[in-house]
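Coordinate inspection notes
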Amino acid sequence: MAGFSDLAFQAAMAAYVVALICYGIEFAARRAMDPTQLEVASREHRLVRAGAGASEPLPADRPLHGRHIDERDIDDELDDDLDEGPRTQWGPLFGRAAVVLTVIAALVNAASVVTRGIAAGRLPLGNMYEFTSFLCLAATTCWLVVLAKSKERALGFFVMIPVAILAFVAGTVLWIQAGPVQPSLNSYWKWIHVTTVSASGSVLLVSGAASAMYLLRHRFDSKLLVARTDATATARLQASSLSRLPSLAALDKIAYRTAIVAFPVYTFAVIAGALWAEVAWGRYWGWDPKETVAFVSWVFYAGYLHARATSGWRGARAAWINVVGFAAIVFNLFFVNMVITGLHSYAGVG
Amino acid sequence: MTTVTDDLDRVPPVTPPGRGRSVLQFLRNTWRGLTSMRTALILLFLLALASMPGALLPQWSLNQTRTREYIEANPTWGPIANALGLFEVFASPWYAAIYLSLFLSLVGCLLPRCWDFAKQLRAEPVRTPRNLARMPLHTVHPVDDEPQVVADRVETALRRKHWRVVRRTEPGGVHTVSAEKGYLREVGNLVFHFSLLGLLVAVAIGKLFGYEGSVITRVGAEFCSTNPSQYDNFRPGLTVDGTDMQPFCVDLKTFDAKYSDSGQPLDYSVGLSYQFGSDPATGVNTDHFDPYLLRVNEPLRMNGERLYLLGHGYAPEVQITFPDGQTRTASANFISNDPTLLSSGAIKITDPPGASLQDLTQRQLALRGLFAPTAFLHGEIMTSSYPAATKPGLAVAIYRGDLGLETGRSQSIYSIDENQVSTGKLKELERVNLYIGDTTTLDDGTKITFTGYRQWVSLQTSYDPGQTAALVFAITLLGGLMVSLTIKRRRVWFRVQTSSTVGSSSDGQSSSGGGTRVEVGGLARTDQAGYGSEFSGIAALVYPQGLPVAQDDDLHPQSSSSEHDDDGEER
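Residues numbered from 1 in each chain as written. Chains lettered and ligands numbered in written order. Predicted model: local features only at pLDDT ≥ 70, side-chain atom pairs only at ≥ 80, totals over all residues. Heavy atoms only, no water.

**Regarding the sheet that holds strand E7 (residues 248-259) of chain B**
Residue and element names in this part refer to chain B. Strand order in this open sheet of four strands is E5-E7-E8-E9, and the pairing throughout is antiparallel. Each edge of the open sheet carries a strand with a single partner, namely strand E5 (222-225) and strand E9 (290-295). The mean angle between the axes of side-by-side strands here comes to 30°, regardless of whether they run parallel or antiparallel. Here eleven bridges tie E7 to strand E8 (residues 265-276), and the two strands are oriented antiparallel to one another. (Pairing = 2+ DSSP bridges. Helix = DSSP H or I, 4+ residues; strand = E, 2+ residues; numbered from the N terminus. Axes fitted to C-alpha atoms, helices over the stretch in contact; angles between N-to-C directions.)

Structure (structure tokens):
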């Protein structure tokens, strides 16, 4: 059973990598996507303000109207996905192959997680290998849900990069023989705390990937705007692969919606961790390194949600905060487990 | 220099009332600045940044040995960091300054919001905007009924759905219905933020009135928690002086550890009986003890006092027969960092019998070395192959001389003072490997027999009067967060008029169907996601039987299918 689990994980790992390559090919073949009306309008507006120094207030109804436009634009983009006239045919072909491969990888990964649990006779989240394997599975599942709702297949390339890296690290560095866990981990709290941590972490991975894409797209759009009078520069930019990213509005929407799903779950996971700590270690919060960095990530995500509602912080700044928040989560998973000694140091790195 | 004077000269003279006003203004601006969202965000990131040394550097409160080692290893940077409080981040004044500013900013933000929210609760839903077509959600419905009837129907239906509704009439017999829902969002938001404040207070209560004590006790012995001196290590809260601790006693009867075949620990438990509530010192009610099986993850809870099993180990026991025939049993707790519980320690005999005060420092004995629960020899080197005590072995170096207890240097109970060995005051006599029952004889005829072992457990007592409050606030925090993220504050407006009163701005739809034209506009104040499908349903209230299915396509395209999908995602 343990052997089958390992085999399945290797298969999943391979499928992730191949899916990543297929997403990459589709991404490279995608037709350039121009900035949306709203993006152009807002940039021009900002340029006018910056250039003239005079503040020209927006008409009162403008934000509403803006919202209205970007919703429609996203719909237009959906329509674009359907008509494949101007695009090369092999791009979407690889894209569909990538999605099929992602589904297969997720299924095989799920089989690996389940059989691992049966082999070890416990919840298969007892060490870093198992945790990372589950994280890949949950992130991929979350990505498939996001894909089903947003149809932004281009994002797949960027979600699959961290997933494939995590799967690779799990399969090579972190792999460890299936076995029992130490007594302090034998608690029903483990089911509650560890599953919610990894589930929220995986959704935040998708959110972080969307925000990272947002930042790339944001930079690209700025360049495009600067070069808009220069036809050759514009053409050159249009040819770059960054022009194939989804629109800013779409990326922001995905990042925000995934974050508000994950944030309460993450909050719950931290609270459950505190409850378990009270049972196992004699206090609910002791600033153990893992707890500290979990708190730091929580603060970042709280900051992200607030920043999105604060004028002057929306857009790129908020996206940065989201990316930094995910960096803190990854830091907590690897650095704190493997380098810093603390009470959570039973990750069993093989 | 001159320019500065010039500038000063140019400052208009300040009149006393003006100064008063400027001070007020300064205070008001400071307060506004502090309570602005920008400041709050910056303080949040400062808090995150300031927390990081707490994870990256060793902390006094978590591991004193490692912190001391770190400072010694970094002779220049270490003391500076220590002075800055980087090894005690969460108790340092600058950390407190950040979170107190943050909470002050939070209070400054919350109070006006509460006030605004109270006003909003009393206020009527806003007047119907003149141009509903500008709303993110907008539809037009032709209805056969009279405007009055349609407006009544919509109003009743909305009230039944718990919307806040207000009817207004505009000139020309135009009826409007304004409705708003989702006030719970702000409630959730306020609950979330007030829970944070409550959590801070709960944590503070714990830090003021709580305490933690840890102690190592032999299995078979009794431990009473009556005052801090009973503990090896006691960490009191700021107001705790140890005089009013709730006393309790435990009698440690058995210890049981289960291991897998590969030696991985599966379970630890201590069988004990305990007494709580009466005063063990005065002996009231001493014959009543309750049994309890203390296990990892299953602390003993006694009305706020909690007892935890944190660790365990072995204490090898030797019998020493001195040359004059006197025997002495000695034992010491050995500690282990090894999964096989190969433990190290030192048994010290500080007062050998028959030694005068003068030659005491010549004849003190020490056995320093290793205890292996399941001994396994690599040549002469003893290791342990299994954590359970199936074949205990003792590998020790035996010393005689001056243990150096009078030097004033503090000494670990798990080792001897190496300084005494290097100066020759403590001489190594021999190194032996002993199994239970084995005896070694020293040069002066002293016999040392390895007679067995005992087990010790490390226990921790915790008392935190703020912890229940912290849990309650954590739950309200989570509840508030979920409410504020799922519920949307949303508005809907209906303008009902006879088709003939519609001016040139009509979009043609009005002419089709009956004599009444209903225009519906919708707006979600935060995020439009998910409102589309609800809006379609609300707009359909204009019809007596709800919207006929066939007419679905006539709905405004903006309530698109993607929003229907999003609805599910957020739940």
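What follows continues from the structure just given.
**Quick look at the packing of aromatic side chains**
In this description, an aromatic ring pair is defined by two values, namely the gap between the centres and the angle between the planes. Scanning the model with the defined rule gives 31 aromatic pairs over all chains in all. Seen in terms of ring centroids, Phe223 of chain B and Tyr231 of chain B are 5.2 Å apart; in terms of plane orientation they differ by 70°. Their pairing is edge-to-face. Tyr231 of chain B shares its class with Phe223 of chain B; the two are buried. Taken together through their ring pairs, the aromatic side chains of Trp285, Trp287 and Phe295 of chain A together with Phe90, Trp94, Tyr95 and Tyr99 of chain B make up a single cluster. Between the NZ or CZ atom of Arg308 of chain A and the centre of the ring of Tyr256 of chain A, over which it lies, the distance is 3.9 Å. (Phe/Tyr/Trp six-rings, centres within 6.5 Å; stacked < 30°, edge-to-face > 60°. Buried < 20%, exposed > 50% of the residue type's maximum accessible area, 1.4 Å probe, protein only. Lys NZ or Arg CZ within 6 Å of the ring centre and 35° of its normal.)

**Re the confidence of the model for chain A**
One rule of thumb: low pLDDT means the predicted coordinates there are not for detailed reading. Residues and elements named next belong to chain A. Here chain A shows a mean pLDDT of 80. Residues at 70 or above account for 80%. Across chain A, the secondary-structure element scoring lowest on mean pLDDT is helix H3 (residues 62-82), at 40, and the one scoring highest is helix H10 (residues 289-307), at 94. Contacts of residues 52-87 to residues separated by more than four positions or lying in other chains number 54 contacts, the stretch itself having pLDDT below 50. (pLDDT = per-residue confidence, 0-100. Contact = heavy atoms within 4.5 Å.)

**Notes on the pairing of strand E3 (residues 174-181) of chain B**
Consecutive residues of a regular strand have side chains that alternate between opposite faces of the sheet. Residues and elements named next belong to chain B. Where burial is concerned, most of E3 is hidden: seven out of the eight residues are buried. In this sheet, E3 lies alongside strand E2 (residues 164-170) in antiparallel orientation, the contact comprising seven bridges. Note that in E3 the partner of Arg164 across the bridge is Glu180. What sits between the antiparallel neighbours E2 and E3 is a turn of three residues, in which Gly172 has the positive phi angle 90°. For E3 and strand E21 (residues 490-498), the ladder comprises seven bridges, and the chain directions are antiparallel. Bridge pairing in E21 links Val177 to Phe494.

**Side note on a nonpolar patch on the surface**
Residues Val173, Phe335, Met338 and Val339 of chain A together with Leu56 of chain B make up a contiguous nonpolar surface patch of roughly 420 Å² in combined accessible area. Among the secondary structure elements, Phe335 of chain A is positioned in helix H11 (residues 316-338). By relative accessible area, Phe335 of chain A is classed as partly exposed at 33%. (Patch = residues over 30% accessible without salt bridge, like charges linked within 9 Å, V, L, I, M, F, W, Y side chains within 5 Å. Areas by Shrake-Rupley, 256 points an atom, 1.4 Å probe, with all protein chains shown as cover. Salt bridge = Lys/Arg side-chain N within 4 Å of Asp/Glu carboxyl O.)

**Here's the deal with the interface of chain A and chain B**
Counting from both sides, the interface comprises 60 residues of chain A and, opposite them, 64 residues of chain B. For the pair chain A and chain B, the summed buried area comes to about 5200 Å², and 65% of that belongs to carbon and sulfur atoms. The largest per-residue losses of area from chain A upon contact with chain B belong to Lys149, Arg257 and Tyr284 of chain A, which jointly make up 13% of the total buried on that side. Note that Glu278 of chain A is salt-bridged to Arg301 of chain B, the shortest N-O span being 2.7 Å. On the surface where chain A and chain B come into contact, there are eight residue pairs in polar contact (both at pLDDT 80 or more). Within the residue set of the side of chain A that touches chain B, elements represented by two or more residues are H3, helix H9 (248-280), H10 and H11 of chain A. In terms of residue count, H9 of chain A provides more of the side of chain A that touches chain B than any other element does, 16 residues in total. (Buried area = accessible area lost by both parts, 1.4 Å probe. Polar contact = N/O pair within 3.5 Å; in protein donor to acceptor, adjacent residues only side chain to side chain.)

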